[in-house]
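What follows is the residue order along each chain.
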Amino acid sequence: MFKNVGESTLDEITLEKGFYVLHFQNESKDVEVFERDIDSTFIQMHFCIRGNSKFLFNNGNYSFDVLDNRCILLYNPQRTLPIHLEIQPKTTLISLLISIEKFHSLFSKESGYIPFLSNENSNRKYYDDAEIKPTVAIVLQQIINSNINSSIRELYIKGKVYELLSLHFQKDEATEGEYCPFLVDEDNVLKIRRAKEIIISRMAEPPSLQELANEIGLNLKKLKEGFKQIYGDTVYSFLFDYKMEHARRLLESNKFNVNEVGIQIGYSTASHFIAAFKKKFGTTPKKYVMSLNK
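Residues numbered from 1 in each chain as written. Predicted model: local features only at pLDDT ≥ 70, side-chain atom pairs only at ≥ 80, totals over all residues. Heavy atoms only, no water.

Draft legend 1. Main features of helix 2 (residues 134-144). In terms of burial, helix 2 is a largely internal element, 9 of the 11 residues being buried. Along helix 2, the residues that are buried comprise Thr135, Val136, Ala137, Ile138, Val139, Leu140, Gln141, Ile143 and Ile144. (Buried < 20%, exposed > 50% of the residue type's maximum accessible area, 1.4 Å probe, protein only. Helix = DSSP H or I, 4+ residues; strand = E, 2+ residues; numbered from the N terminus.)

Draft legend 2. Representation of the packing of aromatic side chains within the structure. Within the structure shown, the criterion is met by 9 aromatic pairs. Aromatic side chains phenylalanine 103 and phenylalanine 169 sit 5.5 Å apart centroid to centroid with 80° between the ring planes, which places their arrangement in the edge-to-face category. Here phenylalanine 103, found in helix 1 (residues 100-107), pairs with phenylalanine 169, found in the loop between helix 3 (150-168) and helix 4 (172-175); they are 66 residues apart in sequence, far enough to count as distant. Side by side, phenylalanine 103 and phenylalanine 169 carry an identical accessibility label, which is buried. In this structure an aromatic cluster arises from ring pairing among Tyr267, Phe273, Phe277, Phe281 and Tyr288. (Phe/Tyr/Trp six-rings, centres within 6.5 Å; stacked < 30°, edge-to-face > 60°.)

Draft legend 3. Layout of empty space enclosed by the protein. Summed over all chains, the structure comprises 1 cavity of 30 Å³ or more. Lining the largest cavity are Asp39, Ser40, Phe42, Gln44, Asn76, Arg79, Thr80 and Leu81. Classifying every residue of the lining of the largest cavity gives 2 nonpolar, 4 polar and 2 charged. (1 Å grid on protein atoms, 1.4 Å probe; cavity = no way out; pocket = protein on both sides within 12 Å on 5 of 7 lines; lining within 4 Å. Points joined across faces, edges and corners; volume = space filled by probe spheres on them. Nonpolar A, V, L, I, M, F, W, Y, C, P; charged D, E, K, R; others polar.)

Draft legend 4. Expanded view of the sheet that holds strand 2 (residues 19-26). Judged by pairing direction, the sheet is antiparallel, and its 6 strands sit side by side in the order 1-2-9-4-7-10 without closing on themselves. In the strand order of this sheet, the two ends are held by strand 1 (8-16) and strand 10 (126-131), each with one partner. This sheet shows a mean twist of 10° between the axes of neighbouring strands, independent of strand direction. Pairing between strand 1 and strand 2: 8 bridges, direction antiparallel. Its bridge partner lying in strand 2, leucine 10 is registered against phenylalanine 24. Contacting strand 2, strand 4 (42-50) and strand 9 (91-99), helix 2 runs over the sheet at an angle of about 90° to strand 4. (Pairing = 2+ DSSP bridges. Axes fitted to C-alpha atoms, helices over the stretch in contact; angles between N-to-C directions. Contact = heavy atoms within 4.5 Å.)

Draft legend 5. Spatial organisation of helix 12 (residues 285-292). Considered for burial, the residues of helix 12 that qualify are Pro285, Tyr288 and Val289. Buried residues of helix 12, seen end-on, are gathered within an arc of 95° and therefore sit on one face of the element. Exposed positions of helix 12 whose direction lies more than 90 degrees from the buried face are Lys286 and Lys287. Buried residues along helix 12 sit in contact with helix 9 (235-253), helix 10 (258-264) and helix 11 (270-281). (Arc of directions from axis to C-beta.)

Draft legend 6. View of the pattern of salt bridges. In this structure the tally under the stated criterion is 15 salt bridges. Here aspartate 68 and arginine 193 are joined by a salt bridge, their closest N and O atoms 3.1 Å apart. Highlighted residues: aspartate 68 in the loop between strand 6 (62-66) and strand 7 (70-75) and arginine 193 in helix 6 (residues 186-201), separated in sequence by 125 residues. Arginine 193 gets classed as buried once you look at its relative accessible area, which sits at 11%. (Salt bridge = Lys/Arg side-chain N within 4 Å of Asp/Glu carboxyl O.)

Draft legend 7. Layout of the pairing of strand 7. Among the 6 residues in strand 7, 5 count as buried, and that is most of the element. As paired elements, strand 4 and strand 7 share 5 bridges and run antiparallel to each other. Bridge pairing links cysteine 48 to arginine 70 in strand 7. As paired strands, strand 7 and strand 10 are joined by 6 bridges and run antiparallel to one another. Paired with leucine 74 across the two strands is tyrosine 127, which belongs to strand 10.

This is how it looks when you write it as structure tokens:
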């Protein structure tokens, strides 16, 4: 299992007994492997937000791909499905592991249209591969970007996971046409995701909104609306949060001083960077680094 090794990270959160969230982030150039024994009473849901991953079963004799912007659901009460994940470079993945008992308690009234919850299917295996809904994509990003005080972070994420599950299993006929119709167009969703990649790759000197809109091939209005719908924030507010998190990781590495970190993320003066960091985290970069060494 990898955890905060180089550019590869695993954030594991126990929401309660039989209910876990795993957030994989592989920013390295190497394929990372994650293995975990898990018994047959668990439902596995794997959301590939970016990149792709591969599940290996039976000592690698059988594989199951988790592709970009797809979600797979695995449940087999007749045999164990241990997790053996190969996570490709530049991949972000969120996995939910939920005991069938916990799942039943959440969806007891909805068992009629969730196939593997029905009585006739209770002892049958169930696999599903579906595109991540735009509404679900928003919640996944909110989980990833949660920067809430650690004492209530698990409560926040638990609420978001409940929201994610309700949206994922919501009947399509109840949502079609009610969500932003612009985002239903897969091509537009890809353009918005490209916009996010552009501003992250050029965080030190990001393009203007109009330049960004021109580069991805959308008008300014659709860029603003689409970005807010998918990522739950404006373009520059999202970028600010990302830059501050990146700065925090650079400071934790002890490879750069405060001035160097500020320059890397686009601040020409140390005072501006210090003010921004304090706005985000409530402390200065220097005090943050000192707190790590206590």
